[in-house]
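# Report on the structure
One letter stands for each residue in the lines below.
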Amino acid sequence: RMQNSRSQPCSCPSLKLREVASMYFTLVAAFLVILVVALQGSAPRENSFPYKVPLDPQGLLELSWNVSYPEQAVHFQLLIRELRFGLLFGMSDRGEFENADMAVLWSDGHNSYFGDAWSDAKGQLHMDSQQDYQLLGAHRAPEGLYLLFRRAFSTCDPKDYLIEDGTVHLIYGILEKPVPSLQAINISALHGGLQRVQLLKPNISIPELPSDMKSMEITAPDVVIPSQETTYWCYMAELPEGFPKHHIIMYEPVVTAGNEALVHHMEVFQCAAQFDSFPHYNGPCDSKMKPDRLNYCRHVLAAWAMGAQAFYYPEEAGLAFGGPGSSRYLRLEIHYHNPLVFKGRRDSSGIRLYYTATLRPYDAGIMELGLVYSPVMAIPPGEDSFILTGYCTDKCTQLALPAAGIRIFASQLHTHLAGRKVVTVLSRDGRERQVVNADRHYSPHFQEIRMLKEVVAVFPGDELITTCTYNTEDRSRATVVSAGAAPLFLGTTQGGVAFLLPRFNDEEICTCPQVSVPQQFYSIPWNTFNRDVLKSLYGFAPISMHCNKSSAVRFP
């Protein structure tokens, strides 16, 4: 069974005979051979598949798709620029090739075959008795071969991946040699990889844009992408002197042609208004040469990740920037993912902001929820799913929100490297009322601002509860959050744990002031009892509510 499969309320056909699948498979294979040879047509219309992402770093595989909520299905278009002897395309829980759900195209050197397959825990491929990747057609064009196929969100097949809201880990593999059968494909020998996307995009209409709309580009100044797998690049920009208040009403990516597979995600931050100036900087974000003051540029104006489209604000609101009390300084941060270690590749990517001087009725704002950066929050090593929860309490929303409440129209989930799942729910009168945002396949390597399918109204007295699930199976000591890692905003909490540290161990542990809380956590022997004590402590201990204004000053 797939790790993420779950029972669904649906009627499932009874398909017991392998012969039925085999006959279907053979017919599909013959159909594909005819199409590949005979259909030399033009490429399908681009607007039929509005979402697009390169699968591999070289851009040889390009995936486009659309979402049909009435059909509860995704339609895929896969462009293969250099087809050799086939490929694998599919989905798995975290991007593994084991326990994966795949569509496979392969050739034995004479004929080409297409079918729905799955891999077991050892990575061995098997034909699926229920064919749920439905081949719709194939088109040859000058740029390559287009494959069109369809997949329902939920198939009632325990071997299939359940497509749901949030991040989906797509996997691909390229066959370099002919293979006599599906079972003969050696997954471990393939040239392959993974790509993360949000498949189920919300079906939201684009608001009308004003006639006085202007744009500005915050882009990297023709930088040379470092020849290493991962780089975070920082560049400081600034608004014109005396730039008055405007509303940002949309933004979109600007990606240098040819670098579509290297530019993984980008963000534009506004700096803190408490400083009159910020130093210019253009270089790696983790460089020792980066001025410390850049750490005060953390107010998100725009965030984009690979596969995302333009972001539109609701027609009644815009994100304010410029004017009194607003910093002129902006920081662009670009994550370059360069696994093939290309050298000398130049880049001028960034984000294009669209803004208007005609202010809309409401300022859009950013509210941060969850847990504060504090060393009293710790995760033992070797945990497969350790849960920490942060609360924006009813007392905080009663004090901080306007009487008419606020409307949440978009959300960006965030954890550090151990994060695996994130869920935020709205609670009212002690009852959970609505899921604000949930990502059960969350990856810290894929963080974007996502439009919600429906606007969530939050009123004074409501509670917002954010639950993060962490995996530390690859770690040998406790994961302890660094204090002072980020400013605190409205609606974050921490638990009280430091006073219990001496009781974790019968042996003498120095709790003198010169020993830090992280060092005390590192010295704890993480047996089953101590793990359970910490989990129960986070469940019942009093919380410290950080109900802060956007200036990081607490409400009275």
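Here, the structure is the one placed above.
Described below are features of the structure shown in this document.

Parameters at a glance
Residues numbered from 1 in each chain as written. Predicted model: local features only at pLDDT ≥ 70, side-chain atom pairs only at ≥ 80, totals over all residues. Heavy atoms only, no water. Helix = DSSP H or I, 4+ residues; strand = E, 2+ residues; numbered from the N terminus. Contact = heavy atoms within 4.5 Å. Areas by Shrake-Rupley, 256 points an atom, 1.4 Å probe, with all protein chains shown as cover. Disulfide = S-S within 2.5 Å. Buried < 20%, exposed > 50% of the residue type's maximum accessible area, 1.4 Å probe, protein only. Pairing = 2+ DSSP bridges. Lys, Arg positive; Asp, Glu negative; His and termini not counted. Salt bridge = Lys/Arg side-chain N within 4 Å of Asp/Glu carboxyl O. Polar contact = N/O pair within 3.5 Å; in protein donor to acceptor, adjacent residues only side chain to side chain. Axes fitted to C-alpha atoms, helices over the stretch in contact; angles between N-to-C directions. Phe/Tyr/Trp six-rings, centres within 6.5 Å; stacked < 30°, edge-to-face > 60°. Lys NZ or Arg CZ within 6 Å of the ring centre and 35° of its normal. Expected span 1.5 Å × (residues − 1). Arc of directions from axis to C-beta.

Our next topic: the overall build of the protein chain. Across its full length, the protein chain holds four helices and 35 strands. Considering only contacts within the protein chain whose residues lie at least 6 apart along the sequence, 77% involve residues at least 24 apart. On the protein chain, roughly 26,500 Å² of surface is accessible, and the fraction owed to carbon and sulfur atoms is 52%.

Evaluation of the coordinates by the stated rule reveals three disulfides. The side chain of Cys234 participates in a disulfide bridge whose partner is Cys285; the two sulfur atoms lie 2.1 Å from each other. Measuring the twist about the S-S bond at about 110°, one finds the Cys234-Cys285 disulfide to be right-handed. In this pair, Cys234 is assigned in strand β14 (residues 230-238) and Cys285 in the loop between β17 (282-284) and β18 (297-305), connecting sequence segments 51 residues apart.

Right, let's get into the pairing of strand β5 (residues 101-107). Looking along a regular strand, one sees side chains alternate from face to face of the sheet. Among the seven residues that make up β5, seven are buried, leaving the element largely enclosed by the rest of the structure. As paired strands, strand β4 (residues 86-92) and β5 are joined by six bridges and run antiparallel to one another. Across the sheet, the residue bridging to Leu88 is Val104, located in β5. When β5 meets strand β6 (residues 112-119), the two strands line up antiparallel, connected through seven bridges. What sits directly across from Leu105, in β6, is Phe114. Here β5 folds back onto β6, and the loop between the two strands holds four residues, one of which, Gly109, carries a positive phi near 100°.

Counting buried residues along strand β15 (residues 246-254), eight of its nine residues qualify, which places the element largely inside the surrounding structure. Taken together, the three bridges between β15 and strand β20 (residues 317-321) define a ladder with antiparallel strand orientation. Counterpart to His246 in the pairing with β20 is Phe321. Pairing of β15 with strand β23 (residues 350-356), which is carried by seven bridges, proceeds in the antiparallel orientation. Note on β23: the bridge partner recorded for Tyr251 is Leu353. Alignment of β15 against strand β19 (residues 311-312), held across two bridges, turns out to be antiparallel. Each bridged residue has a counterpart across the sheet, and for Tyr251 the counterpart in β19 is Phe311.

Within the element layout of this structure, Asp56 appears in the loop between β1 (51-54) and β2 (61-68). Buried and without a salt bridge, Asp56 has Arg81 as its closest oppositely charged side chain, separated by 7.1 Å. At a separation of 2.8 Å, a polar atom in the side chain of Asp56 contacts the main-chain amide nitrogen of Leu61. Excluding residues within four positions of it along the chain, Asp56 makes contact with Leu61, Tyr172 and Ala261.

Applying the stated rule across the entire model yields 18 salt bridges. Among the charged side chains, a network of salt bridges with common partners joins Glu217, Glu252 and Arg352.

With that settled, consider the sheet that holds β4. Ordered in space as β7-β6-β5-β4-β10-β11, the six strands form an open sheet in which the pairing is antiparallel. Only two strands of the sheet have a single partner each, and these edge strands are β7 (125-127) and β11 (191-197). Here the average twist between neighbouring strands, direction ignored, is 30°.

Here the focus is the packing of aromatic side chains. In this structure the tally under the stated criterion is 19 aromatic pairs. Pairing Phe243 with Tyr355 gives two aromatic rings, centres 5.8 Å apart and planes at 70°, and the pair type is edge-to-face. Pair noted here: Phe243 is in the loop between β14 and β15 and Tyr355 is in strand β23, with a separation of 112 residues, a long-range link. On the basis of relative accessible area, Phe243 is assigned to the buried category, the value being 13%. Tyr355 sits in the buried class, given a relative accessible area of 9%. Judged by centre distance (5.2 Å) and plane angle (15°), the rings of Tyr251 and Phe311 are stacked. Here Tyr251, found in strand β15, pairs with Phe311, found in strand β19; they are 60 residues apart in sequence, far enough to count as distant. Chaining the aromatic ring pairs together yields one cluster made of Phe76, Phe89, Phe114, Tyr133 and Phe149. One Lys or Arg, Arg151, reaches over the ring of Tyr133 and ends 5.5 Å from the middle of that ring. The ring of Tyr522 is capped by Arg477, whose NZ or CZ atom sits 3.8 Å from the centre of that ring.

Before going further, it helps to spend a moment on the environment of Leu199. Relative to the elements of secondary structure, Leu199 occurs in the loop between β11 and β12 (214-219). Those residues in contact with Leu199, other than ones at most four positions away along the chain, are Trp65, Val67, Phe76, Met91, Ile163, Gly166, Val168 and Leu170.

With that settled, consider helix α4 (residues 528-540). For an α-helix, the turn length of 3.6 residues means that residues three or four places apart are oriented alike. Its 13 residues place the ends of α4 19 Å apart at the C-alpha level, agreeing with the 18 Å of an ideal helix rising 1.5 Å per residue. Regarding α4, the residues found buried are Asn530, Arg531, Leu534, Leu537 and Tyr538. Down the axis of α4, the buried side of the element spans an arc of 125°, and every buried residue falls inside it. The exposed set on the far side of α4, more than 90 degrees from its buried face, consists of Thr528, Phe529, Gly539 and Phe540. Those residues of α4 that are buried are in contact with β26 (378-379), β27 (386-392) and α3 (517-522). Taking the backbone nitrogen of Phe529 as reference, a side-chain oxygen 3.3 Å away marks Asn527 as the first, capping residue of α4.

Moving on, we get to unusual backbone geometry. In the Ramachandran plot, Cys156 falls in the positive-phi region, its phi being about 65° despite a non-glycine side chain. With respect to the helices, strands and loops of the structure, Cys156 is situated in the loop between β9 (144-152) and β10 (168-174). Residues other than glycine seldom take positive phi values, yet Val341 does so here, at roughly 55°. With respect to the helices and strands, Val341 occurs in the loop between β21 (329-337) and β22 (346-347). Since its relative accessible area comes to 35%, Val341 is described here as partly exposed.

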